[in-house]
Amino acid sequence: MSGISTALGEIRSTLPQGVELVAVSKFHPADAVREAYDAGQRIFGESRINELCDKITALPDDIQWHFIGHLQTNKVRRLVGTRRIALIESIDSERLLRLVDEESARAGIVSRVLLQVHVAREETKFGFLPDEMLDFFRRRAFDSLKATHICGIMGMASNTDDTTRVAADFRLIADIKKQIDALCPDLRGFDILSMGMSHDYQLAVEAGSTHVRIGTAIFGERR
Ligand SMILES: *Cc1c(COP(=O)(O)O)cnc(C)c1O
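Residues numbered from 1 in each chain as written. Predicted model: local features only at pLDDT ≥ 70, side-chain atom pairs only at ≥ 80, totals over all residues. Heavy atoms only, no water.

**Student:** An account of the site of the ligand is needed here, citing residue identities and associated values.
**Tutor:** Within the structure, the ligand sits among V24, K26, I68, M156, M197, S198, R213, I214, G215, T216 and R222. G215 is positioned with one of its backbone polar atoms (N or O) 2.8 Å from an oxygen atom of the ligand. In the model, an oxygen atom of the ligand is placed 2.7 Å from a nitrogen or oxygen of the R222 side chain. Expressed as a share of its isolated accessible area of 390 Å², the protein-covered part of the ligand is 90%. For the ligand, the cavity whose grid points lie within 2 Å of the majority of its atoms is the largest pocket. Of the residues contributing to the shell around the ligand, the split by class is five nonpolar, three polar and three charged. (Near = heavy atom within 4 Å. Polar contact = N/O pair within 3.5 Å; in protein donor to acceptor, adjacent residues only side chain to side chain. Areas by Shrake-Rupley, 256 points an atom, 1.4 Å probe, with all protein chains shown as cover. 1 Å grid on protein atoms, 1.4 Å probe; cavity = no way out; pocket = protein on both sides within 12 Å on 5 of 7 lines; lining within 4 Å. Sits in = over half its atoms within 2 Å of the grid points. Nonpolar A, V, L, I, M, F, W, Y, C, P; charged D, E, K, R; others polar.)

Okay, structure coming up:
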């Protein structure tokens with residue numbers, strides 16, 4: 001067995017039933033994705049458009065591609081235009097959401113997306129602030145979307161060894177999801193709580209994550 005399939009097996013054995021594994025293959029070659037695919041993995045996460053498009057061409061059609069990186073507005077048409085993205089996890093502003101909606105309508109598809117919430121202090125500057133996200137749902141700003149379905153939220157914990165802090169960040173993200181559920185009880189298909197990476201996914205799962213995004217622990221260090 002290769003290192004990739006062994007790692008996949010080990011990680012899967014630790015995930016509770018119903019928690020989906022997104023194998024983050026960014027910066028790793030298509031051969032590595034193929035190895036994971038042959039070991040039964042079907043959901044892969046990528047963060048750069050060119051690399052993703054190359055892999056879409058090179059790899060089987062039943063792969064579910066998740067886009068997890070910062071999406072620049074000038075790349076939206078190309079991404080949506082592939083018609084191959086199962087989930088855009090990293091919608092980090094209302095402006096980007098509107099753009100994805102427009103391009104999806106133009107392409108004649110419905111895009112499935114997650115809104116990214118920003119709770120970690122220093123890490124990434126991207127994402128809705130918690131209050132901003134709650135306000136978005138309080139205003140029912142999703143009602144006017146034509147071709148986009150918001151399937152849940154995505155977040156990252158602070159990048160620190162302080163597990164108390166990391167666990168608190170995950171609980172906060174999970175709590176924001178619950179607050180949205182309470183604000184909009186009629187939301188349908190708003191089920192995904194995507195949080196947890198190689199070094200912290202166990203804590204994320206304990207806090208209620210439904211999707212963990214794991215790269216390094218499967219594929220090794222990125223080059
Ligand atoms: C790269 C990345 C991951 C995977 O990180 P690992 O530490 O390699 O598991 C998960 N989520 C996002 C948003 C990423 O950019």
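**Student:** A description of the pairing of strand β1 (residues 20–24) should follow, citing residues and the corresponding values.
**Tutor:** Most of β1 is tucked away, with four of its five residues classed as buried. As paired elements, β1 and strand β8 (residues 211–214) share four bridges and run parallel to each other. In the strand pairing of β8, E20 is matched with H211. The pairing of β1 with strand β2 (residues 43–46) spans two bridges and is parallel. Of the residues in β2, the one forming a bridge with A23 is F44. In this view, the connection linking β1 to its parallel neighbour β2 by way of helix α2 (residues 30–38) has right-handed handedness. (Buried < 20%, exposed > 50% of the residue type's maximum accessible area, 1.4 Å probe, protein only. Helix = DSSP H or I, 4+ residues; strand = E, 2+ residues; numbered from the N terminus. Pairing = 2+ DSSP bridges. Right-handed = clockwise from strand over helix to strand, strands pointing away.)

**Student:** With reference to specific residues and values, describe the nonpolar core.
**Tutor:** Counting 65 residues, the largest nonpolar core has F137 and I150 as its most contacted members. Sorting elements by how many residues they give to this core places helix α7 (residues 163–183) first, with six residues. Sequence-distant contacts of I150, that is, excluding residues within four places in its chain, are made with L97, V113, L115, F136, F137, F142, L145, G189 and F190. Membership of the second largest hydrophobic core comes to five residues, among which are L87, L114, C151 and M154. (Core = buried A, V, L, I, M, F, W, Y, C linked by side-chain atoms within 4.5 Å. Contact = heavy atoms within 4.5 Å.)

**Student:** If you had to explain the environment of R98 to someone new, which residues and values would you point to?
**Tutor:** Assignment of secondary structure puts R98 in helix α5 (residues 94–107). According to the relative accessible area criterion, R98 is partly exposed, its value standing at 26%. Separated by 46 residues in the primary sequence, R98 and S144 have C-alpha atoms spaced 9.4 Å apart. Once you skip the residues sitting within four places of it in the chain, R98 turns out to touch F136, A141, S144 and L145.

**Student:** Hey, could you go over the layout of surface pockets for me, with residue numbers and the actual values?
**Tutor:** Where empty space is left in the structure can be found by rolling a water-sized probe over the atoms. There is about 450 Å³ of room inside the largest pocket. Every residue lining the largest pocket is counted, 23 residues in all, and those nearest its centre are K26, M156, M197, R213 and R222. The class makeup of the residues in the lining of the largest pocket is eight nonpolar, 10 polar and five charged. Taken as a whole, the second largest pocket spans an internal volume of roughly 210 Å³. As for the second largest pocket, its lining consists of R12, L15, P16, Q17, G18, V19, E20, L21, G40, Q41, R42 and I43. A class-by-class count of the residues in the lining of the second largest pocket yields five nonpolar, four polar and three charged. (Points joined across faces, edges and corners; volume = space filled by probe spheres on them.)

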